[in-house]
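# Analysis of the macromolecular model
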Amino acid sequence: MRADGWRVCKPLVRVAGKPLIAHALDRCRAAGITRPSVIINEESPDLRRWLEANAGDLDLIVRTTPSSYVSFQLVADRLSGSPSVITTVDSILSTASFRRFVNDAAGFPASAVVLGLTDHVDDEKPLWASLDPADGRIRELGDARSGLVTAGLYVLPARLPKAPVAGFAKLRDYLGWLVASGHPVYGIALPLVFDIDRTQDIAAAEQAALEIELRSEGI
């Protein structure tokens, strides 16, 4: 985003008139999540001010972490003890799709990790997921022939399986370990999820939102 001229931190980049973080919080509230946990790094005072002024009741974690896996694990540990939903801030999807993801995930075994997937692939390094159509289980990660990629959406069980002591360099490494170790990992394919990494992603997401709105109005 900085290469495209943006000077605010990524969660404050605006899509369709409001910051990415606002989209994420609105989706959570629409799905019945009343007090989300939010992790931000220590180098984002502008984001912290925005949250304090606009976000209402939340559990704020201010921590600079070395990787996406460490951030994920911090939030997962905070929510441990009951099933939880985690979303990355740069995923843009409709509220209806998010609610569907949360509701459908409840139909899988209580011990399962459930990933949101999409066939909208516009990422330099997507994480491909091979989904078994018979039972919705993810059989493999990394095979581009699957046609589906992870979408930054996760439903976690009350207790995650204990990871190796060494940990992981990236979140995708942890997800790969879950699948390879035989832990039940399921996927839910969603129609359209945008990963906001570049200015052109914003334009595409806004155009898609406009088209959906026009269709709903019969135009």
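Residues numbered from 1 in each chain as written. Predicted model: local features only at pLDDT ≥ 70, side-chain atom pairs only at ≥ 80, totals over all residues. Heavy atoms only, no water.

So, on to the sheet that holds strand β7 (residues 113-118). In spatial order, the strands read β5-β10-β7-β11; together these four strands make up an open sheet with mixed pairing. Strands with a single pairing partner mark the edges of an open sheet, and in this sheet they are β5 (84-87) and β11 (185-190). The sheet shows a mean angle of 30° between the axes of neighbouring strands, direction not considered. The pairing of β5 with strand β10 (residues 149-156) spans four bridges and is antiparallel. Residue pairing in the sheet places T87 in a bridge with L153 of β10. (Pairing = 2+ DSSP bridges. Helix = DSSP H or I, 4+ residues; strand = E, 2+ residues; numbered from the N terminus. Axes fitted to C-alpha atoms, helices over the stretch in contact; angles between N-to-C directions.)

Here the second largest pocket is characterised by a volume of approximately 400 Å³. Taken together, 19 residues make up the lining of the second largest pocket; nearest its centre are I92, L93, S94, T95 and A209. If you list the elements that add at least two residues to the lining of the second largest pocket, you get α1 (20-30), α4 (95-105) and α6 (199-216). Ranked by the residues each element gives to the lining of the second largest pocket, the list is headed by α6, at five residues. (1 Å grid on protein atoms, 1.4 Å probe; cavity = no way out; pocket = protein on both sides within 12 Å on 5 of 7 lines; lining within 4 Å. Points joined across faces, edges and corners; volume = space filled by probe spheres on them.)

With that out of the way, let us pick up the pairing of strand β3 (residues 37-40). In this sheet, strand β4 (residues 59-62) lies alongside β3 in parallel orientation, the contact comprising four bridges. Its bridge partner lying in β4, I40 is registered against V62. Taking the sense of rotation as the criterion, the β-α-β connection linking β3, helix α2 (residues 45-54) and β4 turns out right-handed. (Right-handed = clockwise from strand over helix to strand, strands pointing away.)

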